[in-house]
Amino acid sequence: MEATQRHPSAYMTLAEDPLGQVVAADWIGKFFMLGRLAARWSRAHADIQLVVVLSVPVRDFAAVLVGCGWMTATAEPSIPPVREVLAGLPFHAPVRVVTRSKVLAEHFGGVDVAKDRARFGTDWQIDKLRAVVPLESLDTPRSQPIPEPGVISRLTGIHKDWSARLCSPPQDLALVGTLKWLDEDLTAFLGRGDEREPVANLLLPAGPPAATWSTRIYPASQLDVELPPTGVRAVVLDGAAATKYLPAIEAPVVVSIMDRSIADVSVPESVISYRNTRGEPVSLEHDLHWMPPGGVEVLGFEVPL
């Protein structure tokens, strides 16, 4: 996809590193907004699956941009006050804790009432804890520095509930594709004007080192043995290899991204067959209020869940 010659402040931007060259282009913001608008559409249409199929010249960054848009449209998590959570925790319960500088995934070691401290691996002054939530399980204790909210987090307003979001992040998005390519795209920086923010700040990809995470990442080859779980509300299928599993996915929103350099037409034909047998057309322009960027062809339809 080509960069525009207009000034970077006119559009959202992408960069490969925090100091490198910034690319400003219309398609960056368009793919980002598709994720946000799909989230809004889904909330208003219960029991219906929205399928959006994009045919693009190249797939670079498209999946993570749609994912970033979706993630910034998720609702603010509701977490009880820290002391209320601590009062209800059994000893050794797995928890996630957000302090002023760290996110911890630890086991609860009890409260020292006299010192007003709680133990999560080490002792922490309770009034310095910003959020605590119980976890279903924890294999290994983990700790990571708090990712600071950046320009996109501020523009979309998710910075206002940042501690709660890090402690109880939405876990309703899955990206499916070639892991090597997705991992590379996840290291990019999304921005506006002269500011940029790590894509990973917005998506919080799941992985062994992470103390907190939002987005599940699947290899396309894994879908024949493991589909995204029922709690996932949006699945982005990056490429034809992932898209061939479209009929098996029951998430309320599915976005497929296929590049036109692939000669195999069997997957696009199967998508059309799925639309013709189960789907009803959706106008992305009138129903989602979304127009594709130049050079991108789109197909939208809805399927009963």
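Given the structure is predicted, the values throughout are model-derived calculations rather than measurements.

Visitor: Could you clarify how one ought to interpret the sheet that holds strand β2 (residues 22–24) in this entry?
Guide: Strand-to-strand pairing in sheets goes through backbone hydrogen bonds, with the strands running parallel or antiparallel. Across the sheet, four strands lie side by side as β2-β1-β11-β12; this open sheet has antiparallel pairing. Either end of the sheet is taken by a strand with one partner, and the two such strands are β2 and β12 (195–198). On average, each strand axis in the sheet is tilted by 30° relative to the strand beside it, whichever way the strands run. Bridge count for strand β1 (residues 12–15) against strand β11 (residues 189–192) is four bridges, and the pairing is antiparallel. Each residue of the ladder has a partner; that of A15, found in β11, is F189. Contacts from helix α1 (residues 26–44) reach β1, β2 and β11, with the element oriented near 105° to β1.

Visitor: Teacher, can you tell me more about α1 here?
Guide: The α-helix winds at 3.6 residues per turn, so residues separated by three or four positions along the chain end up facing the same way. Between its terminal C-alpha atoms α1 stretches 27 Å, which fits the 27 Å expected from 19 residues at 1.5 Å a residue. Residues of α1 that are buried: W27, I28, G29, F31, F32, L34, G35, L37, A38, A39, W41 and S42.

Visitor: Looking at this structure, I do not really get the pattern of salt bridges. What am I missing?
Guide: Pairing is possible between side chains that carry opposite charge, provided their charged atoms lie close to one another. Within the structure shown, the criterion is met by nine salt bridges. Residue D26 is joined to K30 by a salt bridge in which the shortest nitrogen-to-oxygen separation is 3.5 Å. A residue pair is termed a helical-turn pair when its members lie 3 or 4 positions apart in one helix, as D26 and K30 do in helix α1 at four residues. Look at K30 and you get partly exposed, because its relative accessible area is 23%. Here R59 and D238 are joined by a salt bridge, their closest N and O atoms 2.9 Å apart. Here the residue R59 occupies a position in the loop between β3 (48–56) and α2 (62–72), and D238 occupies one in strand β14 (residues 234–238), the gap between them amounting to 179 residues. For the pair R59 and D238, a shared accessibility class is recorded, and that class is buried. Taken together, the salt bridges that share partners define one network made up of R59, D238 and D259.

Visitor: So what exactly am I meant to see when it comes to the pairing of strand β13 (residues 215–219) here?
Guide: In the case of a regular strand, side chains alternate between the two sheet surfaces. Counted residue by residue, β13 has five buried out of five residues, so it is predominantly covered. Across the two faces of β13 the burial is the same, with T215, I217 and P219 and R216 and Y218 all buried. Here five bridges tie strand β10 (residues 173–177) to β13, and the two strands are oriented parallel to one another. Of the residues in β13, the one forming a bridge with L175 is I217.

Visitor: I'm lost on the environment of L203 in this one. Help?
Guide: Here L203 shows up in helix α7 (residues 199–203). Note on L203: relative accessible area 0%, which makes it buried. For the pair formed by L203 and W70, sequence separation is 133 residues and the distance between their alpha carbons is 9.2 Å. When residues no more than four places from it in sequence are discounted, the contact partners of L203 are V64, G67, C68, M71, L173, L175, L186, S214 and T215.

Parameters at a glance
Residues numbered from 1 in each chain as written. Predicted model: local features only at pLDDT ≥ 70, side-chain atom pairs only at ≥ 80, totals over all residues. Heavy atoms only, no water. Pairing = 2+ DSSP bridges. Helix = DSSP H or I, 4+ residues; strand = E, 2+ residues; numbered from the N terminus. Axes fitted to C-alpha atoms, helices over the stretch in contact; angles between N-to-C directions. Contact = heavy atoms within 4.5 Å. Expected span 1.5 Å × (residues − 1). Buried < 20%, exposed > 50% of the residue type's maximum accessible area, 1.4 Å probe, protein only. Salt bridge = Lys/Arg side-chain N within 4 Å of Asp/Glu carboxyl O.

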